[in-house]
Amino acid sequence: MHLKRSDDHHHGPPIIPITFHLEDPEGLTGTTQKEWKVMGGEGESLLEVAIDNGINIEHACGGVCACSTCHVYVERGMDLVAEASEAEEDRVEEAPAIRRDSRLACQCEITAKDASRGGIVVRVPAWNRNAVKEIPH
Ligand code: FES
């Protein structure tokens, strides 16, 4: 599915540090590197930042909050991304193994304008890659 790209809309310079912890790095990147430190900009979603950096988080609906395959845990910096909408909250409940910090990566738009409040830490669960097949619709 084509992803709505950050080039399609305005976003800030990539100055917000984001750490991705990948439970299945091979499935998502084809490498064994579990920790990825990258940069994101205001207005970009965590999904866009991941994809732009070669971390292929599943996004079956193309990033329009119509599936739950981009489910991740925002372990730090929840206040640096947009609050979950009701639609997102409904969707995320369909994901397996939800936690209090569960979010849909495509809906987590970065709201921080600079890095003064620290960075964002995101964990991508191992089953992310297979979520489409595992979730009955
Ligand atoms: S990609 Fe479908 S909800 Fe995020």
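Residues numbered from 1 in each chain as written. Predicted model: local features only at pLDDT ≥ 70, side-chain atom pairs only at ≥ 80, totals over all residues. Heavy atoms only, no water.

1. Structural notes on the sheet that holds strand S3 (residues 71–76)
Then step 1. Strand order in the open sheet formed by 5 strands is S2-S1-S5-S3-S4, and the pairing between neighbours is mixed. The outermost strands of the open sheet, each flanked by one partner alone, are strand S2 (35–40) and strand S4 (102–104). Taken pair by pair, the neighbouring strands of this sheet meet at an average axis angle of 35°, ignoring direction.
Then step 2. Pairing geometry for S3 and S4, over 3 bridges, is antiparallel. Bridge pairing in S4 links Val 72 to Arg 103. (Pairing = 2+ DSSP bridges. Helix = DSSP H or I, 4+ residues; strand = E, 2+ residues; numbered from the N terminus. Axes fitted to C-alpha atoms, helices over the stretch in contact; angles between N-to-C directions.)

2. Things to note about a negative patch on the surface
Then step 1. A cluster of like negative charges, contributed by Glu 83, Glu 86, Glu 89, Asp 90 and Glu 93, occupies part of the molecular surface.
Then step 2. Mapping Glu 86 onto the fold places it in helix H3 (residues 86–92).
Then step 3. Relative accessible area serves as the criterion here: at 66%, Glu 86 is assigned to the exposed category. (Patch = residues over 30% accessible without salt bridge, like charges linked within 9 Å, V, L, I, M, F, W, Y side chains within 5 Å. Areas by Shrake-Rupley, 256 points an atom, 1.4 Å probe, with all protein chains shown as cover. Salt bridge = Lys/Arg side-chain N within 4 Å of Asp/Glu carboxyl O. Lys, Arg positive; Asp, Glu negative; His and termini not counted. Charge placed at Lys NZ, Arg CZ, Asp CG, Glu CD. Buried < 20%, exposed > 50% of the residue type's maximum accessible area, 1.4 Å probe, protein only.)

3. Let's talk about the nonpolar core
Then step 1. Ranked by internal contacts, the top residues of the largest apolar core, which has 31 residues, are Ile 18, Phe 20, Leu 46, Ile 55, Ile 57, Ile 110 and Ile 120.
Then step 2. Listed by contribution, the elements that provide at least two residues to this core are strand S1 (16–22), S2, helix H2 (46–52), S3 and strand S5 (120–124).
Then step 3. If you tally residues by element for this core, the top one is H2, at 5 residues. (Core = buried A, V, L, I, M, F, W, Y, C linked by side-chain atoms within 4.5 Å.)

4. Overview of the environment of Ile 98
Then step 1. Following the sequence through the fold, Ile 98 ends up in the loop between H3 and S4.
Then step 2. Judged by its relative accessible area of 41%, Ile 98 falls in the partly exposed class.
Then step 3. In this structure, the C-alpha to C-alpha distance between Ile 98 and Val 72, residues 26 residues apart in sequence, is 8.9 Å.
Then step 4. In contact with Ile 98, other than residues within four places in its own chain, are His 71, Val 92 and Glu 93. (Contact = heavy atoms within 4.5 Å.)

5. Concerning the confidence of the model for the protein chain
Then step 1. Mean pLDDT over the protein chain stands at 91; residues scoring 70 or higher make up 88%.
Then step 2. Under a pLDDT of 50 for its full length, residues 130–137 has, in the predicted model, 9 contacts with residues more than four places off or in other chains. (pLDDT = per-residue confidence, 0-100.)

6. Let's talk about the pattern of salt bridges
Then step 1. A full pass over the atoms with the stated rule returns 9 salt bridges.
Then step 2. Salt-bridge contacts for Lys 113 lead to Glu 42; the nearest nitrogen and oxygen are separated by 3.1 Å. With a gap of 71 residues between them, Lys 113 in the loop between S4 and S5 and Glu 42 in the loop between S2 and H2 connect regions that are remote in the sequence.
Then step 3. Its relative accessible area of 60% is what places Lys 113 among the exposed residues.
Then step 4. Residues joined by salt bridges that share partners form a network here, namely Glu 23, Glu 75, Arg 99, Asp 101 and Arg 123.

7. Focus: the side chain of Ser 45
Then step 1. As for its position among the elements, Ser 45 is in the loop between S2 and H2.
Then step 2. Once residues lying within four places of it in the same chain are set aside, the contact partners of Ser 45 are Ala 105, Cys 106, Cys 108 and Glu 109.

8. Thoughts on the pairing of S3
Then step 1. With 3 bridges connecting them, S3 and S5 associate as antiparallel partners. From the neighbouring strand, Val 74 faces S5, where its bridge partner is Val 122.

9. A word on the pairing of S5
Then step 1. Counting buried positions along S5 yields 4 of 5 residues, so the element is predominantly enclosed.
Then step 2. Pairing of S1 with S5, which is carried by 5 bridges, proceeds in the parallel orientation. For Ile 18, the partnering residue across the bridge sits in S5 and is Ile 120.

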